[in-house]
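Close look at the chain arrangement
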Protein chains: 2
Amino acid sequence: MTSLRRFFPILDWAGTYSRDTAANDLIAAVIVTIMLIPQSLAYALLAGLPAEVGLYASILPLVAYAIFGTSRALAVGPVAVVSLMTASAVGELAAQGTPEYLGAAIALALLSGLMLVAMGLFRLGFLANLLSHPVISGFITASGLLIAASQLKHILGIRADGQTLVEIAVALVRHIGETNLITLAIGVTATAFLFWVRKGLKPLLLSAGLHPRLADSLAKAGPVVAVAATTLAATLFSLGAQGVKLVGDIPTGLPMPTLPPLDPALWLQLAGPALLISVVGFVESVSVAQTLAAKKRQRIVPDQELIGLGAANIASAVSGGYPVTGGFARSVVNFDAGAATPAAGAFTAVGIALATLFLTPLLANLPQATLAATIIVAVLSLVDFKAIRRTYIYSRSDFAAMAATILVTLGVGVEAGITSGVVLSVLLYLFRTSRPHMAVVGIVPGTEHFRNVQRHKVLTGRTVLSVRVDESLYFANSRYLEDRILGLVAERPAIRHVVLMCPAVNVIDASAFETLEELNQRLKDSGVSLHLSEVKGPVMDRLQRTDFLEHLTGQVFLTQYQAFCTLDPQTAHVAESRNPKQAATSDLWSGPEI
Amino acid sequence: MTSLRRFFPILDWAGTYSRDTAANDLIAAVIVTIMLIPQSLAYALLAGLPAEVGLYASILPLVAYAIFGTSRALAVGPVAVVSLMTASAVGELAAQGTPEYLGAAIALALLSGLMLVAMGLFRLGFLANLLSHPVISGFITASGLLIAASQLKHILGIRADGQTLVEIAVALVRHIGETNLITLAIGVTATAFLFWVRKGLKPLLLSAGLHPRLADSLAKAGPVVAVAATTLAATLFSLGAQGVKLVGDIPTGLPMPTLPPLDPALWLQLAGPALLISVVGFVESVSVAQTLAAKKRQRIVPDQELIGLGAANIASAVSGGYPVTGGFARSVVNFDAGAATPAAGAFTAVGIALATLFLTPLLANLPQATLAATIIVAVLSLVDFKAIRRTYIYSRSDFAAMAATILVTLGVGVEAGITSGVVLSVLLYLFRTSRPHMAVVGIVPGTEHFRNVQRHKVLTGRTVLSVRVDESLYFANSRYLEDRILGLVAERPAIRHVVLMCPAVNVIDASAFETLEELNQRLKDSGVSLHLSEVKGPVMDRLQRTDFLEHLTGQVFLTQYQAFCTLDPQTAHVAESRNPKQAATSDLWSGPEI
């Protein structure tokens with residue numbers, strides 16, 4: 001039962017679902033549905049797909065998430081960044097407008113769904129942690145700029161395709177002479193209106209005394225007004241005949257069950273992009289879900305979220321949709337409108353389904369420029385230049401990863417951009433931990449404590465070198481350990497014993513273990529014995545599984561003091577007799593010094 | 001002057017070079033030259049190149065390394081694993097025997113040389129640390145098996161090419177009917193002889209009273225005897241006419257200066273393999289050099305070794321050779337034969353040059369089966385099954401990386417093998433550190449010390465939650481931190497204050513910083529304030545560069561005790577009055593508990 005509840009979070013709330021809750025969910029669903037219709041059409045066009053595919057991706061996926069997802073307010077569906085990534089991945093394999101293009105987008109959704117479910121079942125949610133915040137933030141900013149640039153052609157009414165900012169700019173300049181002025185007028189007006197709705201209308205409504213939530217919801221309905229007004233204008237003045245590109249006939253009716261193409265070569269080509277889309281979508285979705293859950297002291301379960309999003313993507317694929325994830329704007333609207341359970345998502349699905357049945361004929365005369373305007377206004381709110389500055393001030397290495405992500409995304413493409421960001425942040429982290437802090441230590445006279453010789457007045461003997469290592473030993477830093485120790489010994493010809501003090505060593509991996517074996521052998525070759533002290537229990541257990549302790553030229557001491565007294569009794573005696581009261585207890589708190 | 005010495009280590013020893021040292025170096029050079037001639041021919045054939053290319057790669061590179069390298073005994077030249085990697089990389093771009101194939105191999109050496117020099121100048125030697133020991137060991141074992149399998153066709157005298165173990169096996173089975181029995185006889189005899197020389201001859205010589213070093217050097221000369229004997233047999237009995245494949249005419253004369261093809265597309269395709277070859281070659285070379293240097297308490301400088309190996313590869317490329325690195329067997333022979341300075345390498349270069357001038361006509365009748373036998377015997381000594389078992393016993397996660405490396409190398413290819421090993425070991429490491437140890441702590445009564453509530457008898461208050469984090473906070477573990485804290489707070493409705501105790505936090509990267517900001521906000525949303533205690537100096541400096549401390553709902557305390565007294569004075573009072581002498585000083589050493 002417990003595991004059934006784990007995999008079907010719907011069981012947590014469906015049993016106690018009341019009429020009051022249903023009413024709340026229904027109100028939220030109506031508001032989200034109205035907001036979602038233009039957005040779904042627009043993002044489908046951004047992905048290079050027919051407009052109705054966006055609607056299809058907003059029906060079954062919502063139902064699937066309602067069953068498997070753990071967030072109470074998350075609204076899944078097409079989102080801007082994932083749509084761009086879809087266009088980039090599929091665009092390399094097929095031409096827009098062909099059945100192969102649609103088939104590849106559906107296969108991408110299925111593959112991404114299967115990967116998300118597998119990651120959930122194997123609890124691999126941690127993979128999402130590889131996307132550091134600066135990399136995500138940089139990626140979203142760069143994607144936003146790229147998306148806005150890619151929509152300018154619709155505002156101008158020209159053809160200008162490109163994968164990178166430079167390609168898009170070149171194409172725009174080349175074709176700008178073909179601008180359709182009516183399209184431009186519609187596009188600019190719609191964009192200006194939507195910006196005003198976002199920045200100007202809400203304060204106005206607030207000052208008129210409206211409840212902040214209502215003001216916010218009205219402001220979010222701006223795109224619907226723009227869609228209705230420009231569609232009406234296009235119908236009245238037959239703008240289609242004057243070269244204004246319209247959405248055109250959208251097939252009426254519910255999505256039919258589809259099977260993506262079962263071509264292994266295609267799947268292999270889509271595997272990389274599908275993984276990136278899965279991880280980026282998951283990160284976006286989970287951070288929205290966590291933000292909303294925390295406001296009500298609710299919890300989401302990241303591994304189960306993977307399954308919920310995976311189910312949503314599989315549902316999208318089998319109903320002719322494309323990759324989806326939890327969107328920020330619509331989830332916040334859903335939350336603010338009072339959605340209490342995932343049932344709100346299911347109600348929204350019904351709303352969108354009704355729209356595909358009855359509303360689509362009305363949308364044939366909707367200018368593409370209007371949809372482009374809604375996209376531009378939506379994505380420019382994702383662009384966050386301040387984050388770049390903040391990161392630069394806070395950490396140069398994080399800034400390097402962020403800058404690489406932005407530049408490569410804009411200059412090469414979305415997949416290369418996010419990949420280089422991840423690789424660079426991992427490399428920078430490994431580089432940082434590859435030189436762990438190590439200190440030569442000596443005894444604080446009159447105590448049994450050992451401290452860094454460079455920072456404290458301590459005693460050391462001529463023949464014993466004691467070194468404290470302040471990090472776990474693993475493959476990236478084991479060579480440094482060996483270099484340092486051999487270097488220290490080479491500088492001190494009188495040394496006969498080296499003691500490695502290991503209180504902060506939580507793990508010694510196989511590479512570091514072999515380095516210790518080599519170090520033992522090399523020190524032996526030069527007449528020095530190697531000792532260990534203060535080795536943690538689990539580390540010691542591992543060492544005892546090997547024959548290392550038999551080869552070790554020295555001993556393993558429980559405490560560094562014991563090592564010191566055994567190996568250098570004279571200096572220990574001097575230390576004992578001097579200043580017995582010098583070190584006060586309050587000095588003895590011993591986090592590793594820096 | 002110092003920086004000149006840094007880049008030209010030759011200046012360290014050339015000034016004081018004496019006649020005695022020269023004599024030692026000369027003897028070592030003669031021994032290494034004899035060993036190197038058959039080896040160079042054999043490895044060139046393994047790389048799919050004409051035999052003389054192996055000789056060319058053993059002349060100028062040795063001189064370049066003598067000038068720029070820091071090891072006194074390292075002998076550079078063609079080695080087995082790098083030859084296999086060359087064959088794999090170049091085989092994808094051109095057919096063996098074509099000028100394009102040779103050109104690509106030369107370009108690969110140049111590219112690898114430039115990369116190594118660049119890594120040395122930018123001190124990127126740390127990149128080699130990404131190859132963990134189990135990954136290298138697994139890679140070398142798998143490469144050894146792959147090389148031995150690839151040479152069986154020469155022993156049988158048939159054609160059977162393949163990149164993977166399965167491909168090679170299938171090809172061998174398909175063509176086994178075409179076996180040339182004379183070739184087989186030569187191949188099996190040579191292999192058996194070489195194995196006996198390695199395992200049986202040395203003990204025999206030792207029991208006959210020879211000095212161990214001399215016995216060892218004689219045993220290492222086995223390939224020369226095999227080469228001479230089979231060449232003589234092939235000449236006397238005209239075996240070439242009976243279908244035995246011979247090395248054939250090797251052009252006489254010194255290598256001519258060459259320019260690799262300057263084709264950007266080719267260079268781009270070779271960039272990945274060149275990086276892998278550079279890193280693998282560097283790791284192999286540096287570990288040999290370190291082993292030998294440590295025996296005489298000498299030091300090598302890894303970053304300068306990069307420059308030395310880079311110079312050797314550039315020298316190889318400009319003289320018609322292919323990628324080289326420091327070899328294990330020949331370096332040990334060089335060391336044991338008494339080489340005192342890198343001049344021994346330069347003398348060896350003269351020896352090989354003399355051989356290409358005068359010896360090559362004698363080698364035309366050398367059977368390829370003999371060279372295959374020397375390769376098989378050499379590489380099987382690299383295969384180390386015991387290391388697999390040792391790693392399995394020591395660490396399951398290291399074993400997983402090792403097994404992946406071996407299986408992918410054998411089943412897919414060398415580049416995919418080493419790449420998957422590196423990726424998997426990095427992922428496993430990040431996974432391990434993505435769940436840092438965190439402990440809820442309470443005060444030890446009668447002291448100012450705080451300990452894990454699950455391991456010690458400590459006091460905690462109802463409204464204050466104190467959590468100690470035992471690792472630096474960075475992108476891979478920041479989500480876990482947030483999850484854990486929010487989870488702990490969700491379980492304890494009475495909590496009003498959370499104190500993060502940070503004595504072991506050396507770094508807070510930008511991701512973790514934003515997580516702290518979010519955590520602060522989310523806790524605020526649920527009416528809980530966030531405090532920090534015992535923050536290290538450099539971490540605090542960073543936080544002060546931001547406005548985090550202004551937003552922080554709580555305070556930053558110098559000590560956890562201070563935090564406790566301020567936030568929960570009642571419990572602090574109780575703790576003070578109880579068992580004032582309970583905790584003895586010796587208990588107070590405080591490495592983080594596990």
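Residues numbered from 1 in each chain as written. Chains lettered and ligands numbered in written order. Predicted model: local features only at pLDDT ≥ 70, side-chain atom pairs only at ≥ 80, totals over all residues. Heavy atoms only, no water.

In the nomenclature of an unreviewed UniProt entry, chain A is known as Sulfate permease of Pannonibacter tanglangensis. Under the UniProt heading Subcellular location (unreviewed entry), the note attached to chain A is "Membrane". (UniProt positions renumbered as here; feature names shortened; annotations may be inferred.)

Points about the pattern of salt bridges
Tallied over the entire structure, the rule returns eight salt bridges over all chains. A:Arg522 serves as the salt-bridge partner of A:Glu482, at 2.7 Å between the closest nitrogen and oxygen. Remark: A:Arg522 occurs in helix H22 (residues 510-525) and A:Glu482 occurs in helix H21 (residues 475-491); sequence separation between them is 40 residues. There is no split in this pair, since A:Glu482 and A:Arg522 are both buried. Where B:Lys153 meets B:Asp161, a salt bridge forms, and the shortest distance between an N and an O atom there is 2.4 Å. A single salt-bridge network, built from bridges that share partners, covers A:Glu482, A:Glu518 and A:Arg522. (Salt bridge = Lys/Arg side-chain N within 4 Å of Asp/Glu carboxyl O. Helix = DSSP H or I, 4+ residues; strand = E, 2+ residues; numbered from the N terminus. Buried < 20%, exposed > 50% of the residue type's maximum accessible area, 1.4 Å probe, protein only.)

Describing the sheet that holds strand S7 (residues 529-533) of chain A
All names here are of chain A. Taken in spatial order, the six strands line up as S4-S3-S5-S6-S7-S8 in an open sheet, and their pairing is mixed. Unpaired on one side and paired on the other, strand S4 (450-452) and strand S8 (556-557) mark the two borders of the sheet. Summarising the sheet, strand S3 (residues 438-443) and S4 pair through three bridges and their orientation is antiparallel. Each residue of the ladder has a partner; that of Gly442, found in S4, is Arg451. Running over the sheet, helix H25 (residues 560-567) touches S3, S4, strand S5 (464-469), strand S6 (497-501), S7 and S8 and is turned about 170° from S6. (Pairing = 2+ DSSP bridges. Contact = heavy atoms within 4.5 Å. Axes fitted to C-alpha atoms, helices over the stretch in contact; angles between N-to-C directions.)

Comments concerning the packing of helix H6 (residues 80-91) of chain B against helix H8 (residues 133-156) of chain B
The geometry of a pair of packed helices is captured by two quantities: the angle between their axes and the separation between those axes. Residues and elements named next belong to chain B. Running from N to C, H6 and H8 cross one another at 70°; their axes reach a closest spacing of 10 Å. As the angle between them shows, H6 and H8 are arranged roughly perpendicular. Remark: the crossing between H6 and H8 carries left-handed chirality. From H6, Ala80, Val81, Leu84 and Met85 reach across to H8, where they touch Phe139, Ile140, Ser143, Leu146 and Ile147. Grouping the constituent residues of the contact of H6 with H8 by class yields eight nonpolar, one polar and no charged. (Parallel < 35°, antiparallel > 145°, perpendicular 65-115°, else oblique. Left-handed = near helix turned anticlockwise from the far one by under 90°. Nonpolar A, V, L, I, M, F, W, Y, C, P; charged D, E, K, R; others polar.)

Some points on the pairing of strand S6 (residues 497-501) of chain B
All names here are of chain B. Of all five residues in S6, four are buried; the element is thus mostly enclosed. Bridging between strand S5 (residues 464-469) and S6 involves five bridges; their strand directions are parallel. Looking across to S6, one finds that Val467 is bridged to Leu500. Handedness of the β-α-β unit built from S5, helix H21 (residues 475-491) and S6 comes out right-handed. Taken together, the five bridges between S6 and strand S7 (residues 529-533) define a ladder with parallel strand orientation. Considered in S7, the bridge of Val499 is made with His531. Taken together, S6, helix H22 (residues 510-525) and S7 form a β-α-β motif whose crossover is right-handed. (Right-handed = clockwise from strand over helix to strand, strands pointing away.)

Quick word on the sheet that holds S6(B)
The strands making up a sheet are joined through hydrogen bonds of the backbone, oriented either antiparallel or parallel. Judged by pairing direction, the sheet is mixed, and its six strands sit side by side in the order S4-S3-S5-S6-S7-S8 (chain B) without closing on themselves. Strands with a single pairing partner mark the edges of an open sheet, and in this sheet they are strand S4 (450-452) and strand S8 (556-557) of chain B.

Re the interface of chain B and chain A
At the interface, 76 residues of chain B touch 77 residues of chain A. For the pairing of chain B and chain A, the buried interface totals around 6900 Å² over both sides, and the portion due to carbon and sulfur atoms is 56%. Inspection of the region where chain B meets chain A yields zero salt bridges. Summed over the shared surface of chain B and chain A, the result is 17 residue pairs in polar contact (both at pLDDT 80 or more). Listed by contribution, the elements that provide at least two residues to the side of chain B that touches chain A are H8, helix H13 (264-295), helix H18 (385-394), helix H19 (396-411), helix H20 (414-433), H21, H22 and helix H23 (537-544) of chain B. Sorting elements by how many residues they give to the side of chain B that touches chain A places H21(B) first, with ten residues. Partitioned by chemical class, the residues of the side of chain B that touches chain A number 36 nonpolar, 20 polar and 20 charged. (Buried area = accessible area lost by both parts, 1.4 Å probe. Polar contact = N/O pair within 3.5 Å; in protein donor to acceptor, adjacent residues only side chain to side chain.)

Some points on the domain arrangement of chain A
Along its sequence, chain A is carved into domain 1 (2-426) and domain 2 (438-580). The C-alpha-based centres of domain 1 of chain A and domain 2 of chain A are spaced at 57 Å. (Domains from an automatic or database assignment.)

Remarks on the packing of H8(B) against helix H9 (residues 165-175) of chain B
Residues and elements named next belong to chain B. In the contact formed by H8 and H9, the axes pass within 10 Å of each other and the chain directions differ by 15°. It follows that H8 is roughly parallel to H9 by the angle criterion. When you trace H8 past H9, the crossing you get is left-handed. On the side of H8, the interface is formed by Leu145, Leu146, Ala149, Ser150, Leu152, Lys153 and Leu156, while H9 contributes Leu165, Ile168 and Leu172. Counted by class, the contact of H8 with H9 contains eight nonpolar, one polar and one charged residues.

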